[in-house]
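Commentary on secondary and tertiary structure
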Amino acid sequence: MKARSEFPNTALLLPFALCFATFLAGCGGSGVSLTISSTPPPPPPTDPDQRADLLIAQMTETEKLQLVHGNLPLPPYPTPPPHGAVYWVPGITRLSIPDQLAADGPAGLGDNVGQATALPSPLANAASWDLSEASKYGTVIGKETSAFGMNISLGGNLNLIGREPRDGRTFETGGEDPFLSGEINAQHLLGIQNQYVIAGVKHFALNDQETGRTQVNAVIDERSAQESDLLAFQIALAGSNAQMTMCAYSLMNGVYDCQNNHLLNDILKGEWNFPGFVLSDDYATQSSVPSALAGLDQEQSYGYYFTGIWSAESLQAALANGDMPASRLDNMVHRILRAMYAAGVFDHPATVAPIDAAGDGAIAQEIEEQGAVLLKNANNQLPLNQQAIQSVAIIGSHADVGVLSGGGSAQVTPVGGAALALPSACPPNLPAPGGAACTNASVIYDPSSPLAAIKAIAPAATVTYNDGTSSAAAASLAASSAVAIVFVSDWESEGMDRVDLSFPDGQDALVAAVAAANPHTVVVLENGGAHVMPWLESVNAVLEAWYPGQLGGTAIGDLLFGKVNPSGKLPITFPAQVADLPRPVIPTPSTTSGSFNVDYMVDGLNVGYKWYQSQNIKPLFAFGYGLSYTTFSISGVQLTPDPSPANGFQVSINLKNTGNVSGAEVVQVYLGFPSGMGEPPLRLVGWNKALLQAGVQQPVTITVNAADASHPLSYWDNATSAWKIAPGVYTVYVGNSSDNVQPAGTFQIGS
Ligand code: BGC
């Protein structure tokens with residue numbers, strides 16, 4: 001499926017129509033009698049590239065330069081951007097080129113715009129392993145972006161944070177696997193772009209930690225990069241027709257990403273044939289001419305390099321003295337305009353309108369219900385019995401008023417306003433206009449109270465809240481309640497990493513105290529990414545709710561009481577301890593200027609679960625893991641290689657719901673490569689989420705096509721700079737988690 005892209009531009013149609021009308025009427029009434037031709041002029045082009053070129057032919061150099069620079073409320077554009085856009089490029093009225101107006105992403109619309117639907121975190125969306133939910137997620141963002149009068153969405157985030165699970169932006173991403181993240185993000189981006197909004201991917205590339213994020217020099221070999229971080233972007237772009245790529249603050253192999261010719265020109269625009277434009281992250285531009293020549297097409301707000309305000313040579317000067325050819329400026333403008341045409345921005349201008357808060361909120365709830373992951377359920381503690389339960393203690397994390405959300409540029413101001421906004425210290429790496437220090441940050445709770453939801457579901461029960469600030473008081477309430485539900489949370493934000501994988505502020509001790517007081521303790525996690533759980537053995541149940549969004553409290557209530565059966569699976573590994581990470585200590589710069597190396601050769605192409613498997617380290621919870629209130633069996637496993645095995649294969653199984661309630665299972669297919677290739681033990685190559693009624697058995701077939709953008713059977717060959725399929729014996733595995741698979745069979749490629 002492609003974004004709707006072929007809409008004629010009325011601005012271009014007009015001259016054709018006028019000319020044709022004049023022609024029919026006698027062309028200016030010269031008095032000369034005309035022979036009316038029977039051949040009308042050719043119709044205007046519908047191809048976005050041709051349409052872009054027709055416009056460029058009419059543009060002055062000044063107009064072209066205007067389109068390659070984004071603006072903030074800073075000189076020379078001192079007024080705030082229209083509609084609360086995070087950056088904007090004024091249009092050109094004379095040519096009917098609309099303003100470019102961007103809203104931040106990827107968890108909904110960034111808080112500049114005012115109140116919008118706060119979706120569950122993108123990581124929760126990935127945890128649904130459900131492409132249709134991802135498409136709905138993007139559609140909400142696309143519709144609301146347009147309703148706020150804007151036409152660019154700055155999301156999704158494809159950074160592979162499995163390299164650094166403490167990364168404060170983990171919640172914004174699609175997880176640690178390039179295939180899962182790439183496919184989920186592709187649907188998210190398609191959903192946006194189908195609403196006539198330009199969708200973008202970010203932050204290209206290897207922007208995998210926030211500590212010293214503008215200084216990180218990612219040191220990595222080509223094969224590892226191609227098979228991990230870059231692959232996620234490649235899959236998302238190929239599957240979405242997304243028209244914008246945001247280059248990152250960081251460096252790759254010694255060169256800043258936004259002036260990295262290899263990254264932008266060779267790989268993105270060359271190998272991948274990306275037709276859209278490259279936009280710098282806020283202040284990621286480092287130069288004018290070198291960046292433009294390396295492939296940067298538009299600088300975002302905090303950069304004033306192209307204009308010559310912050311650089312020795314403006315693009316205008318470079319054009320005059322020959323340092324940059326005019327053809328390069330034309331190409332930059334071409335890419336921007338073709339993106340606008342391809343997304344339908346010219347033909348379907350954004351119109352300010354009220355958002356569908358009720359409809360979009362319902363989708364937010366559905367996504368949370370599909371993305372929450374049941375991590376533990378001893379003694380069938382869950383679901384709670386709506387009728388029988390007599391008393392419930394609700395403890396901690398402001399569960400009386402709302403649910404936690406993630407901070408930074410992905411922060412959404414929820415519909416109805418924040419239930420609670422707690423002041424926070426500024427994340428150390430957060431940007432501020434013109435480089436000024438950040439002055440305030442807030443920890444925002446979305447207005448959906450788990451306490452209220454649980455009271456509504458179990459009206460006959462005594463439901464009591466304790467804020468958890470005193471472990472003794474919380475334990476005392478727990479001791480006198482039939483069930484104790486402890487909410488633990490951890491705020492993540494752009495601009496900072498977590499110091500470790502623990503829950504902060506004594507929450508681990510709180511859980512331990514409550515669990516000691518009540519054997520029926522349930523823990524609900526509201527967090528951005530992976531955590532260790534020293535109290536795990538002492539509690540009966542753990543529900544991973546992520547940052548659950550606008551109706552998160554309602555969704556959590558429905559999940560705890562079994563109105564909805566959990567079916568999410570982890571899109572990231574939860575390590576057992578910090579010492580198991582590829583880099584146990586987060587690499588940190590010693591000065592605030594210059595770059596410092598982060599050695600990604602340590603994990604190389606083995607990001608996330610691939611790392612733990614290659615090192616024989618058992619994680620706390622594996623990638624792909626998640627429980628249900630029912631059970632499933634897999635039988636009749638059959639592998640059918642293509643007659644030409646290098647083309648791919650099919651895996652068929654019978655999936656049976658062996659429990660008493662309906663539920664969904666995610667069947668996962670992993671591939672083991674021939675030995676000696678340096679590939680990870682297992683690589684996710686396919687999955688299928690199937691919903692089955694109790695007792696029902698259903699065949700499930702997963703097809704793996706070698707020609708897909710995910711290159712499922714290939715490795716990157718450094719010698720020839722190409723994807724190759726190696727001869728040898730391949731083993732196919734099927735299961736319901738990366739650490740719970742069975743062999744489906746083997747096939748041989750070559751002799
Ligand atoms: C972030 C981007 C964001 C941009 C605009 C940057 O600091 O890294 O993800 O889109 O700000 O707000």
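Everything below is about the structure printed above this text.
Nothing here was measured: the structure is a model prediction, and the numbers come from that model. (Residues numbered from 1 in each chain as written. Predicted model: local features only at pLDDT ≥ 70, side-chain atom pairs only at ≥ 80, totals over all residues. Heavy atoms only, no water.)

1. Describing the site of the ligand
What counts here: The nearness test applies per residue and asks whether one of its heavy atoms lies within 4 Å of the molecule or strand. Polar contact is defined as a pair of N or O atoms within 3.5 Å, subject to the rule that within protein one atom must be able to donate a hydrogen and the other to accept it, and that residues adjacent in sequence are counted only when both atoms are side-chain atoms. Computed with the Shrake-Rupley method and a 1.4 Å probe, the accessible areas treat only the protein chains shown as cover for residues. Three residue categories are used. Nonpolar comprises Ala, Val, Leu, Ile, Met, Phe, Trp, Tyr, Cys and Pro, charged comprises Asp, Glu, Lys and Arg, and polar comprises the others, including Gly.
Among the 15 residues in the neighbourhood of the ligand, the closest are listed as D104, H203, Y249, D281 and E494. Here an oxygen atom of the ligand and a side-chain polar atom of K202 are 2.9 Å apart. Taking H203, its side chain carries an N or O atom lying 2.7 Å from an oxygen atom of the ligand. In isolation the ligand exposes 310 Å². Once the protein is present, 97% of that is buried. In the shell around the ligand, the residues fall into five nonpolar, three polar and seven charged.

2. A few points about the state of the cysteines
This is how it is decided: In this description, the term disulfide denotes a pair of cysteine sulfurs within 2.5 Å. Under the DSSP-based scheme used, a helix requires at least four consecutive residues in state H or I and a strand at least two consecutive residues in state E, with every element numbered from the N terminus. Partly exposed residues are those whose accessible area sits between 20% and 50% of the maximum for their type, while under 20% is buried and over 50% is exposed, using a 1.4 Å probe and protein chains only.
Taken as a whole, this structure holds one disulfide when the rule is applied. Paired through a disulfide, C247 and C258 show a sulfur-sulfur distance of 2.1 Å. Since a negative S-S torsion denotes a left-handed disulfide, the C247-C258 link at about 110 degrees is right-handed. Taken together, the residues span a long stretch of sequence, with C247 in strand β7 (residues 244-247) and C258 in the loop between β9 (255-256) and α9 (261-271) at a distance of eleven residues. Taken as a pair, C247 and C258 share a single burial class, namely buried.

3. With respect to the environment of G568
To keep it simple, the criterion reads: Whether two residues are in contact is decided by their heavy atoms: any pair within 4.5 Å suffices.
Structurally, G568 is set in the loop between α17 (552-560) and β21 (596-599). Judged by relative accessible area, which is 0%, G568 ranks as buried. The spatial distance from the C-alpha of G568 to the C-alpha of V373 is 4.5 Å, given a sequence separation of 195 residues. Once you skip the residues sitting within four places of it in the chain, G568 turns out to touch A127, Q370, G371, A372, V373, Y625 and G626.

4. Observations regarding the pattern of salt bridges
Worth spelling out the cut-off: Salt bridge, as used here, is a side-chain nitrogen of Lys or Arg placed within 4 Å of a carboxyl oxygen of Asp or Glu.
For the structure shown, the criterion picks out 28 salt bridges. A salt bridge links E494 to R213; the shortest N-O distance between them is 2.9 Å. Separated by 281 residues along the polypeptide, E494 in the loop between β18 (483-489) and α16 (507-517) and R213 in the loop between β5 (198-204) and β6 (216-219) bring together distant segments of the chain. In this structure, R328 engages D297 in a salt bridge whose closest nitrogen and oxygen atoms are separated by 2.8 Å. Of this pair, R328 sits in helix α12 (residues 326-343) while D297 sits in the loop between α10 (289-294) and α11 (315-321), placing them 31 residues apart in sequence.

5. Some points on the pairing of β18
Going by this rule: DSSP bridges decide pairing: two strands pair if at least two such bridges lie between them. Seen with its strands pointing away from the viewer, a crossover is right-handed when the path leading from the first strand over the helix to the second is clockwise.
Within β18, seven of the seven residues are buried, leaving the element largely enclosed by the surrounding structure. Covered by surrounding structure in β18 are V483, I485, F487 and S489 together with A484, V486 and V488, the residues of both alternating faces. As judged from the four bridges shared by strand β12 (residues 391-395) and β18, these two strands associate in the parallel manner. Its bridge partner lying in β18, V392 is registered against V483. For β18 and strand β19 (residues 521-526), the ladder comprises six bridges, and the chain directions are parallel. If you follow A484 over to β19, its bridge partner there is T521. Tracing the backbone out of β18, into α16 and back to the parallel element β19 gives a crossover that is right-handed.

6. Let's talk about the packing of helix α5 (residues 131-147) against helix α6 (residues 178-193)
Cut-off, in case you're wondering: As a rule, the C-alpha atoms of each element are fitted with a line to give its axis, helices using only the stretch in contact, and angles between N-to-C directions run from 0 to 180 degrees. Crossing handedness is defined as follows: a turn of the near helix away from the far one that is anticlockwise and smaller than a right angle gives a left-handed crossing, while the clockwise case is right-handed.
It is at 6 Å that the axes of α5 and α6 come closest, and there the two elements cross at 35 degrees. The hand of the α5/α6 crossing is right-handed. Contact residues: α5 offers L131, A134, S135, Y137, G138, T139, I141 and G142, while α6 offers E183, I184, Q187, H188, G191 and I192. Here the contact of α5 with α6 is built from residues that sort into six nonpolar, seven polar and one charged.

7. So, the nonpolar core
What counts is decided by this rule: Side-chain atoms within 4.5 Å are what join buried Ala, Val, Leu, Ile, Met, Phe, Trp, Tyr and Cys residues into a set we call a nonpolar core.
Membership of the largest hydrophobic core comes to 95 residues, with the highest contact counts inside it found for I97 and L337. Looking at this core element by element, the count peaks at nine residues for α12. When neighbours within four sequence positions are excluded, L337 is seen to be in contact with A52, L55, I56, M59, L67, I97 and F346. Counting residues in hydrophobic clusters, the runner-up holds 33 residues, among them A124, V373, V486 and A530.

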